[in-house]
Amino acid sequence: MKTYTGTLNVNGESRMVTVRSADTLLYTLRRMLGLTGSKPGCLNGDCGACTVNVDGWPMKSCLMLAVEAVGKKVTTIEGLADTPIQKAFVEHFAFQCGYCTPGFIMNCHSLIEQHPDADDHTIKEWLESNICRCTSYFEIEQAVKSVLKKT
Amino acid sequence: MEVIGKSVIRKEAVDKVTGRANFTHDFHTLPMLSGKMVISPYGHAKIVSIDTMEAWQVPGVRTILAGDRFPLTGEAIRDRPPLAVDKVRYHGEPVALVVADTPVQAKKAADLIKVKYELLQVVNSPTQAFQKGAPLVHERLGEYKKEEDSLPVPGTNIATHIKIRKGNMEKGWADSVAVVEASLSFAPSDHVAMETRCATAEIMPDGNIIIMTSSQAPFMVKRLLSDYFGIDLGKIIVHTPLVGGAYGGKAPVQLEVLAYLASKAVGGKPVKIFNTREEDIITSPCHIGLDATVKLGVNRDGKIQAAEIRYLWDGGAYSDKAIDVTRSGAVDCTGPYNIENVSCDSYCMYTNHPYASPFRGFSHAELSFAIERTMDLLAQKINMDPLVLRYINAIMPGNTTPTRVLLNKSNVGNLRKCIEKVRELIHWDEGSVKEVSDRLIRVKGVSCSWKTSTIDIDAPSGVILTFNRDGTINLMSGVVEIGTGTKTILAQILAERLKMDVDNIHVKMEVDTQTTPEHWKTVASRGTFMAGRAVLKAAEDVLDQLKEVASCVLRAPKEDLEVAGSRVFLRDDPSIGLHFKDIGHGYKYPNGNSIGGQIIGRGSYILRHLTHLNPETGAGKPGPEWTVAAYGVEIEFDRRDYTYRLVKACTVVDIGKVMNEKAALGQVMGAMSMGLAFAGRETFYFDELGRVLNPQLRTYRPLRYGENPEYLVGFVETPQLDGPYGARGVGEHGLMGMPGALGNALSIAAGVSLNNLPLIPELIWKAKEAAK
């Protein structure tokens, strides 16, 4: 089995990992670094539950190899603290079971940073890449818009 | 009320927005072996041979289970081998299980296992299964161990047959001036919880079996494992952390059995089985399909006189929970209408499809589609406003249900009020059809539903309260937090009863069957009702103990004491009193003498007066109360290409009492979306070999952000006198009427009766073509 040892920059910390070259970023975050906030939901990019932020952009971590993340800045849900979008999710009841929530929040967080003036069309374009089966879309919309309005 | 009804923030909210909320798959110990299933690629086939030689060569492989005859499993009928032997009965059925050090090794080995099959004739629908001479899914149906009220018919594909016979059908038809009959059908589909199912098992040297599972029924896991394998109940300890969506799909017990067998085969080491999305869709139990025929007769005044109904449920390859779904569909078979003469045959059919589990609504969304479409056909036939037809026939106190339960002002909600409110919210009186352009029209459809919860008649729920030294209280209940927020509502109920700040109540989210009191299963919208009653009883227990100690210290009789704001005090002089922190762990006098001890409150509840059903007539009391609801859906339909857009969806449910407003709204809106997706797009596409062609989220597509309609939600509050603060269940009801309302709107829009799901443009086109 071929392995590769390298350093990942995750949530502002340098973390040395030894991975198989085929290990996904998701698997590496969860199994090697114990960052289980990113969730496996489909392992092929359909659901968005594993979304993280790579160099400022949302990325489905099941679609990226760990080795591809070397030299990039990775932020996971564990790397966010007290952000307006997290607070808005709580206040607006924008989740039920909470499994898709980290992925949604990472996507929303990137959206707010990249497009602070996003309109309905842009919000939809970004957020339709994630699935919330409890279907808190109305509440998620309220949460995102409450933060966009403030910024 | 101070706390009830308020949108109290969920107790687990912060964990869930910071990635710290842990689900079963997030717990990882070392060592932790990985189990990987080999699944059947066919719907029905004889297993000729299984060759594991090459698989054993993969480094890291610790064991391979294949071809062993383990005890048969299943709930109502023991018909399911944990791993298939002799033959496979559905696409996705586990045939072998590899256990290896890592998931990659396990997968590699599983891919190298060669199974030789010989194809058998496939039973591809419940109607086909019902035909004489149909291939048998279970040749030895008569030999299986079963529950008393499972009624299989050996030599057929009938796993159970529930009969409802009420009134006099001949009279009913004679009194009718118009009769409609319709056949309706849809294939199985899936729950698609975002967290796929996961279970781990470890066997300790002392024989204790530690299971962790994403389940709605950890206590059932314990009971069934004990039953299947003859293990002492106390030796099985099941942990269930937060569950990432369930919707009924996590009520059955499946992966837990495989994880246990796997651990046993490797000397008790911990083994984890984590479903891929594809396995979660086809291997684990799915959402039931149905073929229905409904015949309704109506008199001159629009009052329904007779209902003759046949439900053929697609139970799939194994009966498991489908038998209960079949019974549940029978007891509420007519929908929420007062009908004196009812004849219903509800059959659970074996087919070569993935086997069914409960699905949010437990047969009621499914039967509602059949009934509500037929109601619209009836309205059309007698030229009556469909909402008026429903209003006239709405079930009310004084009526009886199909199983002859006499309804009263407490055990049934106010359907007429719900209908009136829907009428306003969707502006029904403005007309149900509005032209937008030469292509587009906006059309509204309506429906109603009801539901009682046909859960086990001796289903219990227990709660334990313990005091911390600072006077705060820990609340422990066997309810699993599957996303419904029930545990927060339990804290609200306790806070309301003890008149204390809800922030001073700590809720244990995880269930551990060794220390958490049992809550039968977190299903059937029964968490708030049953566990809520247990909380109230535990609160009484705590109040009594607090007053006992305080009475001694304050030298006042218990009757003179009040409790509020985390204090026990004299009613006539609240300044004289004691804070919980001074008595929750006993009271210490200045000289050091102490009395009392930690206050531990206990409460339990069991549903009362439920009975078995009479096997010939169905008579009996299946559940505690009937929640009713009315619905409307508005769509924008393109007459040229038969596509449509969901504009508005409305639900008005008689919830008894709104416990947590935002949580209740979320439940109803989420359920509506799920119902619209089930009705509008979700289904398994089977080929002639019984294979599911779309077991992925790109081919099986739940609603995504922006595809949801505008939601209109209304609540009616007719208290259920038994319920905590009058509350009724609400988790399922938003879903139940959506298929009927959408089907009705689209049938009006397309000008053709649409009797199948999902309602995709292609289906509408086919129905239009067939009608030409």
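The following refers to the structure shown. (Residues numbered from 1 in each chain as written. Chains lettered and ligands numbered in written order. Predicted model: local features only at pLDDT ≥ 70, side-chain atom pairs only at ≥ 80, totals over all residues.)

Details of the overall build of chain B
A tally of helices and strands in chain B yields 19 helices and 32 strands. Relative to the 2.2 N^0.38 estimate, which gives 28 Å for 772 residues, the radius of gyration of chain B is 27 Å and therefore close to what a compact globule would have. Each of the 772 residues in chain B was classed as buried or not, and the buried ones make up 61%. Expressed as a percentage of contacts within chain B between residues at least 6 apart in sequence, the contacts between residues at least 24 apart total 79%. (Helix = DSSP H or I, 4+ residues; strand = E, 2+ residues; numbered from the N terminus. Rg over C-alpha atoms; globule rule 2.2 N^0.38 Å. Buried ≥ 20, exposed ≤ 12 C-beta atoms within 10 Å, placed from the backbone. Contact = placed C-beta atoms within 7 Å.)

Quick word on helix 5 (residues 137-150) of chain A
In this model helix 5 of chain A runs 20 Å from its N-terminal to its C-terminal C-alpha over 14 residues, within 8% of the 20 Å that 1.5 Å per residue would give. At its buried positions, helix 5 of chain A is contacted by helix 2 (84-91), helix 3 (101-114) and helix 4 (120-127) of chain A together with helix 16 (661-680) and strand 32 (710-716) of chain B. (Expected span 1.5 Å × (residues − 1).)

Comments concerning the interface of chain A and chain B
If you look at the interface, chain A gives 39 residues, while chain B gives 44 residues. Mapped onto the side of chain A that touches chain B, the elements with two or more residues apiece are helix 2, helix 3, helix 4 and helix 5 of chain A. It is helix 5 of chain A that provides the largest number of residues to the side of chain A that touches chain B, a total of four residues. In the side of chain A that touches chain B, the residues fall into 21 nonpolar, eleven polar and seven charged. (Nonpolar A, V, L, I, M, F, W, Y, C, P; charged D, E, K, R; others polar.)

A few points about the sheet that holds strand 31 (residues 644-654) of chain B
All names here are of chain B. Strand order in the open sheet made by the five strands is 18-19-30-31-32, with mixed pairing throughout. The sheet is open, and its two borders are formed by strand 18 (433-435) and strand 32, each paired with just one other strand. The average angle at which neighbouring strand axes cross in this sheet is 15°, direction not considered. (Pairing = 2+ DSSP bridges. Axes fitted to C-alpha atoms, helices over the stretch in contact; angles between N-to-C directions.)

Comments concerning the packing of helix 11 (residues 386-393) of chain B against helix 12 (residues 415-425) of chain B
All names here are of chain B. Relative orientation of the contacting elements helix 11 and helix 12 amounts to 160°, with a least axis distance of 9 Å. When the interaxial angle is binned, helix 11 and helix 12 end up roughly antiparallel. Like other packed secondary-structure pairs, helix 11 and helix 12 cross with a definite hand, here left-handed. Between helix 11 and helix 12, the contacting residues are Leu387, Arg390 and Tyr391 on the first element and Arg416, Ile419 and Arg423 on the second. Class assignment of the residues belonging to the contact of helix 11 with helix 12 gives a composition of three nonpolar, no polar and three charged. (Parallel < 35°, antiparallel > 145°, perpendicular 65-115°, else oblique. Left-handed = near helix turned anticlockwise from the far one by under 90°.)

Brief notes about the sheet that holds strand 23 (residues 511-512) of chain B
Residues and elements named next belong to chain B. In space, the eight strands of this open sheet follow the order 3-5-1-12-9-10-11-23, with mixed pairing throughout. Two strands bound the open sheet, and with one partner strand each, they are strand 3 (61-66) and strand 23. Judged from the four bridges that link them, strand 10 (residues 209-213) and strand 11 (residues 236-240) form a sheet pairing that is parallel. Directly across from Met212, in strand 11, lies its bridge partner His239. Running at roughly 25° to strand 1 (residues 33-39), helix 3 (residues 103-112) makes contact with strand 1, strand 3 and strand 5 (94-100) of the sheet.

Regarding the environment of Met169 of chain B
All names here are of chain B. Topologically, Met169 is positioned in helix 5 (residues 169-174). Take Met169: there are 17 C-beta atoms within 10 Å of it, and that puts it in the partly exposed class. Put simply, Met169 and Ser343 are 174 residues apart on the chain and 7.2 Å apart in space, counted from C-alpha to C-alpha. With sequence-adjacent residues up to four places away left out, Met169 is seen in contact with Ala306, Glu308, Asn341 and Ser343.

Overview of the pairing of strand 25 (residues 567-570) of chain B
Residues and elements named next belong to chain B. Where strand 24 (residues 561-564) lies against strand 25, four bridges are found, and the strand directions are antiparallel. Among the inter-strand pairings, Leu561 is bridged to a residue of strand 25, identified as Leu570. Sheet topology note: the strand 25/strand 26 (residues 577-579) ladder contains three bridges and is antiparallel. Note that in strand 26 the partner of Arg567 across the bridge is His579.

Brief notes about helix 13 (residues 486-498) of chain B
All names here are of chain B. Look at helix 13: 18 Å from first C-alpha to last across 13 residues, which is about the 18 Å you get at 1.5 Å a residue. In terms of burial, helix 13 is largely enclosed, as 13 of its 13 residues are buried. Looking one or two residues beyond helix 13, the residue adopting positive phi is Lys499, at roughly 50°.

Quick word on the packing of helix 2 of chain A against helix 5 of chain A
Residues and elements named next belong to chain A. In contact at an axis separation of 8 Å, helix 2 and helix 5 are set at 140° when each is read in the N-to-C sense. Judged on the interaxial angle alone, helix 5 and helix 2 are oblique. The element helix 2 and its partner helix 5 pack so that their crossing is right-handed. Facing helix 2, whose interface residues are Pro84, Ile85, Ala88 and Phe89, helix 5 presents Ala143, Ser146, Val147 and Lys150. Here the contact of helix 2 with helix 5 is built from residues that sort into six nonpolar, one polar and one charged.

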